Amino acid sequence: MGPVELLHMSVFSQSFSHCGRFLAAGNNYGEIAVFSLSSALSPEATKISQKPILTFTAHEAPVFSLLSTDTHLLSAGNGEISAWSWAELTKRNTKSIWTRRPQYKSSLEIPEINAMIINPRDNSLVVGGGDNNVHIMDLESGVFKSVLQGHSDYIHCLSIREREGEILSGGEDGAVRIWDSRTGQTVHCIEVYKYEDCARPQYGKWISCLATDSEWMLCGGGPALSLWHLRTLSPTSVFPLSGCQRQAAFYQDLILSVGEGKVVSHCLMGGEVKSLIPCTPPSLNTLAINTNSTEHRVLTVGGSSDQIDVFTNLSYRAFSLSF
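The structure displayed is predicted, hence computed values, not measured ones.

Participant: How do you make sense of the pattern of salt bridges when you look at a structure like this?
Facilitator: Pairing of side chains with opposite charge becomes possible as their charged atoms draw close. In this structure the tally under the stated criterion is eleven salt bridges. Salt-bridge contacts for glutamate 88 lead to lysine 91; the nearest nitrogen and oxygen are separated by 3.6 Å. Classification of glutamate 88 by relative accessible area gives partly exposed; the value is 26%. In this structure, arginine 161 and glutamate 164 form a salt bridge, with 3.3 Å as the shortest nitrogen-oxygen distance. Owing to a relative accessible area of 21%, glutamate 164 belongs among the partly exposed residues under this scheme. Overlapping salt bridges, with partners in common, bring together Arg161, Arg163, Glu164, Glu166, Glu215 and Arg231 in one network.

Rendered as structure tokens:
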């Protein structure tokens, strides 16, 4: 890849392998890079250890979403999902196992897929994107079995409440919809931008990030990042972060968030910003926490750069992997 492509590279998605020893990252050129965390984190690590063990073109469009199952890496391009065997990728074999497309109404327009999540309750893959719908695929058979309709604009993000059997989706229309995964019906629709504490009309109304933790939901985008109690469906904390947040996560007693600007925000549940930790990319799209392995427990952050920052300690960047 030439210097111009590197200059304009954006990392949009990340996923750790089930064993926790590998990280896959997807960029705006449709490429996936696979890094060995065990070699990058080893005391003998060199510059070479911070480069991918493998880079390949997976899709013709940006890879907006990556997700791992026990055995496979799933990647989403424009209108299609491909599966790759982790065992084969680590042997540098890049032949996809399968590629599937949701049933779209129009064959002319290929909607991008922005988010994927697994519902362990029925071993299904939940997919959201540019056609405003949530598509649900049975992972066993590969068949798309249902479509959840209700958003009036495209879907940016998904989350799951496994115990309640609920799927949450956030979209460009400014709504977070909570669906009953059994019936496919909307249980609640929260229009976040209509709440005065969260509204930031200057940024717009879209919801670009969503995370859940039992009774709690985090969401933000145009509206400020806010913490909601899902029983009362009301915002309990609104975080005073500048710019639009693109991804947020619950981690231990913290809320971690990235978006416009080159910092990872550490916030407390009560609404205070505890610290802002500097990163390499000027703007951030994705954060991932490797909970699959205690030995390789890291936070990785990517954005508008070919560098992916690695934090072995949440308070400072240890080193960067480079695409």
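What follows picks up the thread again.
Participant: Just checking my understanding: could you explain the sheet that holds strand β28 (residues 319-322) for this structure?
Facilitator: Strands in a sheet are paired, the pairing made by backbone hydrogen bonds, and the direction either parallel or antiparallel. Read across the sheet, four strands follow the order β25-β26-β27-β28 without closing on themselves; strand pairing throughout is antiparallel. The sheet terminates laterally at β25 (284-289) and β28, the two strands that pair on one side only. Ignoring which end each strand starts from, the neighbouring axes of this sheet average 25 degrees apart. Looking at chain direction, β25 and strand β26 (residues 299-303) are connected through five bridges and run antiparallel. Considered in β26, the bridge of isoleucine 289 is made with leucine 299.

Participant: Help me understand the environment of isoleucine 118 in this model?
Facilitator: For isoleucine 118, the position within the fold is in strand β9 (residues 113-119). Put simply, isoleucine 118 and aspartate 138 are 20 residues apart on the chain and 9.9 Å apart in space, counted from C-alpha to C-alpha. Ignoring sequence-local partners within four residues, the contact set of isoleucine 118 consists of Leu67, Ser68, Thr69, Ser124, Leu125, Leu139 and Ile160.

The rules behind these values
Residues numbered from 1 in each chain as written. Predicted model: local features only at pLDDT ≥ 70, side-chain atom pairs only at ≥ 80, totals over all residues. Heavy atoms only, no water. Salt bridge = Lys/Arg side-chain N within 4 Å of Asp/Glu carboxyl O. Buried < 20%, exposed > 50% of the residue type's maximum accessible area, 1.4 Å probe, protein only. Pairing = 2+ DSSP bridges. Helix = DSSP H or I, 4+ residues; strand = E, 2+ residues; numbered from the N terminus. Axes fitted to C-alpha atoms, helices over the stretch in contact; angles between N-to-C directions. Contact = heavy atoms within 4.5 Å.

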